[in-house]
Amino acid sequence: MPSIEQLIRQHINPFDPTTFKPGNFWKETQDEAKEVAAIHETVLTAVEQSLDQVVRDRQTRTLMLLGDSGSGKSYLLGRIKRQLNDKACFAYVNPWPESQFIWRHVLRQTVDSLLEIPEGQSEPQLVRWLKGLEILQRQGIAKRLMGERSVFVSDMRASFPSGVYRPKDFFGVLYELLNPKTRILAYDWLRGEDLDEEDRKLLKVKHCVDSEDAAQKMLGNFSKIADSTQPIVICFDNLDNIPKRGDGKPDLQALFDVNSFIHNEKLKNFLILVSIITSNWRENKSAIAYADLARVNATLTLRPISLDQAEAIWASRLQTFHQQASPKPASKIAPLTRDWLERQYPGGKVVPRAALMLAEQLIRYFKEKGQMPAIPKHPTDPAPPPPPVNIRASFELAWQKEFAETSHQVRRLAQFSSPELIRRLQEALEALAVSNILPGVLPSPTYRSYALGYQTASRRVSVVWTEDANLTAFCHIMKACKKMMDQGDRTHLILIRAANLGTKKNKGFQLFEAVFAADTCIHLKTDLESVQYLETYHRLVNAAAGRELVIASQTPDLSQLQKLVKESGVLSECKLLQQLTLVKGSKPNNPEGKTPLTRDGSDDLADENLEAGQRYILNLMATQMMMGMQAVIERTREQIPDLKDEDIEAIIQTLDAAEKIKQLHPDADRENQLLCWVPH
């Protein structure tokens, strides 16, 4: 059996910073084995007590979760969801794209979360939640109700005789929700998708949830239904990337308007958790109306952890290696030592991420030098610096990991509203240093957030992006486009739309043909992969804005992230940005002197996988310095599942021949071979 030293040199750093970034607890999988229960235990207990109170008296409560950057706020939300999901349904709400859409955003994010299937369950939260209704618990009635929509709607209206918004439509859609054949369409209606006439007929509804007022009242419907089943915990997180007010400060007031409305209108059965960085809260708290602050029931603060708890985090990350090692290490944190924690944090307190970053640097030193750095004898003496990290390679690894996860999770354009799509496009334009970006250029109060403008050397461009299926809405957007072009506000117009444009009998299509007959007007059909690129960058923007993104032992801010994006070219293969002539389409992440790889008789996709595998291995080795052959193959296969082991071995052999990496002990079994990075 290998020693602990051999295991660490063979495998990826157990404190790899790509594992530090938290996020949506329905999208990020937390490893329970690495959880230290004592950390922030009092905060978790306080949240559980508040939820128990909501269960008992049905009264909505709001809690603030404050903590420094790196204190583990988003991770704690994931723990809360995991431990309390049997008592309530959980919704994760990320930054809204435009404050005038905040209610529709909250509704959409809440329903999206209710679609998620909790661990150990076989059905989405929302279906389980509905089946918990008292009316469906009565013996024999569930089968009778599910036999006919009209009976179901009638009985539901009798059970909830007052206060339900559009009860016939709402209960009818809930009926369709329990039918697997119409479930997705019912979800889309509940989350506020602007459906076309054919889909509305299938659901037997005349109108969609297409306004702030309608979204507000629909959320109220969930409040009333929850009175007979479980409460809903709504978690607001990553509030550092919300829209700005005119004075440049974050528009937290919009969130507290939502919170106050829920309390003032006595919408029951919600527990609202607002997670925010302590310094951000202190700087912006004064801009929120006092009456709205009074609606916060309690403020919970995540304190720095003790060195014992930091040591427990180290032990949890090293546990797998310790279980495999022979001889058994004398300490639970070997080869790390407690001395380093005491030297770096003489006050005895540290935020969790700082402890992880220290361990990452020490293990990095160990992987390269074969031993731990010596602790300076005097407190004032500088500590031995860890080996330098290739920042670009570290960023590209973080990008590749995030893009793989996003591609798996983003499966259709309809997952995002038009304001969300425009917001993501704007962030990408800012990263590419596009000039004079101006949001909200469309002359329509309803659809202004569907567009943005920017300036090139010779053109004032307006981009309108709408994927709403409703052709009546499309007609109104085309009217606004025509008005804008007639007024001469913009010299060029680009419509991004993959959805149906209608036919010649539709007024919207007629306007489209009239407007886009001009040479200065272009229609682009985007693809899903382009949206995956934009969403990947958006998630990194959220993390950077909250100082939660760790790249090569640094926490880049937004401007530094933008610089990394430009230098690495990770957006170069986004076809939409290519169509907008904002990137040239050169392959991202191409290291200098890359040795091309192709497979005889292969198609373009296979070649792309080979190139992606080569880029990934080069970035991995540039950050890890040394790894075992088997571990590199396994990590590459996880990242690019379409590659076979023999493909990955061929890539490694090619890189070895090109002196990019060095294969040590090539005649040994694969499990005993080491790969070493060859710096240039």
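This structure is a prediction, so every number in the text was calculated from the model and none was measured. Sequence order sets the numbering: in each chain, residues are counted from 1 along the sequence as written. In keeping with the predicted nature of the model, local features appear solely for residues at pLDDT of at least 70, side-chain atom pairs appear and are counted solely at 80 or more, and the whole-chain, interface and lining totals rest on all residues. Calculation of side-chain values draws on the structure's entire complement of heavy atoms; hydrogens and water are dropped beforehand.

Caption draft 1: Examining the sheet that holds strand S11 (residues 492-496) more closely. Spatial ordering of the open sheet is given by S8-S9-S10-S11-S12, a layout of 5 strands whose pairing is mixed. Strands with a single pairing partner mark the edges of an open sheet, and in this sheet they are strand S8 (435-439) and strand S12 (521-524). Going across the sheet, the axis of each strand differs from the next one's by a mean of 20 degrees, ignoring polarity. Bridge count between S8 and strand S9 (residues 451-455): 3 bridges; the pairing is antiparallel. Bridged to Pro-439 within S9 is Leu-452. Two strands are counted as paired when DSSP detects at least two bridges linking them. Secondary structure is summarised from DSSP: a helix means a run of H or I of at least four residues, a strand means a run of E of at least two, and numbering begins at the N terminus for each. Only C-alpha atoms enter the line fits that serve as axes; for helices the fit covers just the stretch in contact. Angles between N-to-C directions range over 0 to 180 degrees.

Caption draft 2: Inspection of the packing of aromatic side chains at higher detail. Geometry of aromatic contacts follows a simple scheme: Phe, Tyr and Trp rings, the Trp one being its six-membered ring, pair when their centres are within 6.5 Å, and the pair is stacked under 30 degrees between planes, edge-to-face over 60, tilted otherwise. In total, this model carries 17 aromatic pairs according to the counting rule given. Measuring from ring centre to ring centre gives 5.6 Å for Phe-256 and Trp-281, while their planes differ by 25 degrees; the resulting arrangement is stacked. Residue Phe-256 is found in helix H13 (residues 252-264), and its partner Trp-281 is found in helix H14 (residues 278-284); the two are separated by 25 residues along the sequence. This pair shows no difference in class: Phe-256 is buried, exactly as Trp-281 is. For the pair Phe-509 and Phe-512, a centre-to-centre distance of 6.1 Å together with 40 degrees between the ring planes defines the contact as tilted. One end of the pair is Phe-509 and the other is Phe-512, both in helix H22 (residues 507-515) and 3 residues apart, which spans about a single turn. Here Phe-509 and Phe-512 have matching classes, each one buried. Connected via pairs of aromatic rings, a cluster forms that spans Trp-129, Phe-160, Phe-170, Phe-171 and Phe-222. As a reminder, the over-ring test applies to NZ of lysine and CZ of arginine, requiring each to be within 6 Å of the ring centre and within 35 degrees of the ring normal. Above the face of the Trp-26 ring, Lys-81 is positioned so that its terminal group lies 4.2 Å from the ring centre. Exposure classes here rest on a 1.4 Å probe applied to the protein chains alone. A residue is buried below 20% of its type maximum, exposed above 50%, and partly exposed in between.

Caption draft 3: Seen up close, the pairing of S9. In terms of residue burial, S9 counts as a mostly covered element, since 4 of its 5 residues are buried. Bridge count between S9 and strand S10 (residues 460-465): 5 bridges; the pairing is antiparallel. For Tyr-454, the partnering residue across the bridge sits in S10 and is Val-461. Turn length for the S9-S10 hairpin, with the two strands adjacent in sequence and antiparallel, is 4 residues.

Caption draft 4: Representation of the environment of His-408 within the structure. Locating His-408 in the fold gives a position in helix H19 (residues 391-409). Remark: the alpha-carbon pair of His-408 and Gln-532, spanning 124 residues in sequence, is separated by 9.2 Å.

Caption draft 5: Geometry of the packing of helix H9 (residues 167-177) against helix H10 (residues 183-190). The N-to-C vectors of H9 and H10 enclose an angle of 145 degrees; their axes lie 8 Å apart at closest approach. Once H9 is placed against H10, the crossing between them reads as left-handed. Of H10, the residues touching H9 (which contributes Asp-169, Phe-170, Val-173, Leu-174, Glu-176 and Leu-177) are Arg-183, Ala-186, Tyr-187, Trp-189 and Leu-190. For this scheme, ten residues count as nonpolar: Ala, Val, Leu, Ile, Met, Phe, Trp, Tyr, Cys and Pro. Four count as charged, namely Asp, Glu, Lys and Arg, and the remainder, Gly too, count as polar. Classifying every residue of the contact of H9 with H10 gives 8 nonpolar, no polar and 3 charged. By convention, the crossing between two helices is left-handed when the near helix turns anticlockwise from the far helix through less than a right angle, and right-handed when the turn is clockwise. Any two residues whose heavy atoms approach within 4.5 Å are treated as being in contact.

Caption draft 6: Looking closely at helix H4 (residues 102-114). Expected span, for any helix, means 1.5 Å times one less than how many residues it has. The first and last C-alpha atoms of H4 sit 18 Å apart over 13 residues, in line with the 18 Å expected at 1.5 Å per residue. Among the 13 residues that make up H4, 12 are buried, leaving the element largely enclosed by the rest of the structure. Residues of H4 that are buried: Ile-102, Trp-103, Arg-104, His-105, Val-106, Leu-107, Arg-108, Gln-109, Thr-110, Val-111, Ser-113 and Leu-114.

Caption draft 7: Geometry of the pairing of S10. Burial analysis of S10 places 5 of its 6 residues in the buried class, which makes it a mostly covered element. With helix H21 (residues 471-487) bridging S10 and the parallel S11, this β-α-β connection has right-handed handedness. Here is how to tell: hold the view so the strands point away, follow the path from the first strand over the helix to the second, and if it runs clockwise the crossover is right-handed.

Caption draft 8: Representation of the nonpolar core in the model. Among the nonpolar cores identified, the biggest contains 68 residues, and Trp-189, Leu-190 and Phe-222 are the most heavily contacted of them. When residues in this core are grouped by element, the largest group, 7 residues, is from helix H12 (residues 212-226). Apart from the residues lying within four places of it in its own chain, the contact partners of Phe-222 are Leu-107, Val-111, Leu-114, Leu-126, Trp-129, Leu-190 and Ile-232. Within the second largest apolar cluster, 45 residues are counted, among which are Trp-399, Phe-416, Val-565 and Leu-571. To define a nonpolar core, start from buried Ala, Val, Leu, Ile, Met, Phe, Trp, Tyr and Cys residues and group those joined through side-chain atoms within 4.5 Å.

Caption draft 9: Quick look at the packing of helix H27 (residues 629-639) against helix H28 (residues 645-657). Where H27 contacts H28, the two axes come as close as 10 Å, and the packing angle between them is 120 degrees. When the axes of H27 and H28 are compared, the pair comes out oblique. The handedness of the crossing between H27 and H28 is right-handed. Here Met-629, Val-632, Ile-633, Thr-636 and Arg-637 of H27 come into contact with H28, specifically with Asp-645, Ile-648, Glu-649, Ile-652 and Gln-653. A class-by-class count of the residues in the contact of H27 with H28 yields 5 nonpolar, 2 polar and 3 charged. Geometric relationships in this document are graded by angle, where less than 35 degrees denotes roughly parallel, more than 145 denotes roughly antiparallel, 65 to 115 denotes roughly perpendicular, and other angles denote oblique.

Caption draft 10: Broad picture of the sheet that holds strand S2 (residues 89-93). One open sheet accounts for 5 strands, arranged S2-S3-S4-S1-S5; its pairing is parallel. The open sheet has two edge strands with one neighbour each: S2 and strand S5 (298-302). Neighbour-to-neighbour, the strand axes of this sheet turn through a mean angle of 20 degrees, independent of strand direction. Summarising the sheet, strand S1 (residues 61-67) and S5 pair through 5 bridges and their orientation is parallel. Bridge assignment links Leu-66 to a residue of S5, and that residue is Thr-301. In the packing of helix H2 (residues 41-57) onto the sheet, contacts are made with S1, strand S3 (232-236), strand S4 (270-277) and S5, and the angle to S1 comes to roughly 170 degrees.

Caption draft 11: Representation of the side chain of Gln-624. Position of Gln-624 among the secondary structure elements: in helix H26 (residues 604-624). Residues adjacent in sequence count toward polar contacts only when both atoms are side-chain atoms; beyond that, a polar contact is any pair of N or O atoms within 3.5 Å, and within protein one must be able to donate a hydrogen and the other to accept it. Side-chain polar atoms of Gln-624 contact the backbone nitrogen of Asn-13, separated by 2.7 Å. Those residues in contact with Gln-624, other than ones at most four positions away along the chain, are His-11, Ile-12, Asn-13, Asp-16 and Lys-367.

Caption draft 12: Examining the pattern of salt bridges more closely. Salt bridges are defined by distance alone: a side-chain nitrogen of Lys or Arg within 4 Å of a carboxyl oxygen of Asp or Glu. In total, this model carries 37 salt bridges according to the counting rule given. Arg-448 is the partner of Glu-98 in a salt bridge, and the nearest nitrogen-oxygen pair spans 3.4 Å. With Glu-98 in the loop between S2 and H4 and Arg-448 in the loop between S8 and S9, the pair connects residues that are 350 residues apart, well separated along the chain. On the basis of relative accessible area, Glu-98 is assigned to the partly exposed category, the value being 23%. With relative accessibility at 28%, the residue Arg-448 sits in the partly exposed group. Between Arg-108 and Glu-193 there is a salt bridge, with the nearest N and O atoms lying 2.8 Å from each other. You can see Arg-108 sitting in helix H4 and its partner Glu-193 sitting in the loop between H10 and helix H11 (197-203), a full 85 residues away along the chain. Neither residue differs from the other here; Arg-108 and Glu-193 are each classed as buried. When salt bridges that share partners are traced, they join Glu-32, Glu-35, Arg-79 and Arg-82 into one network.

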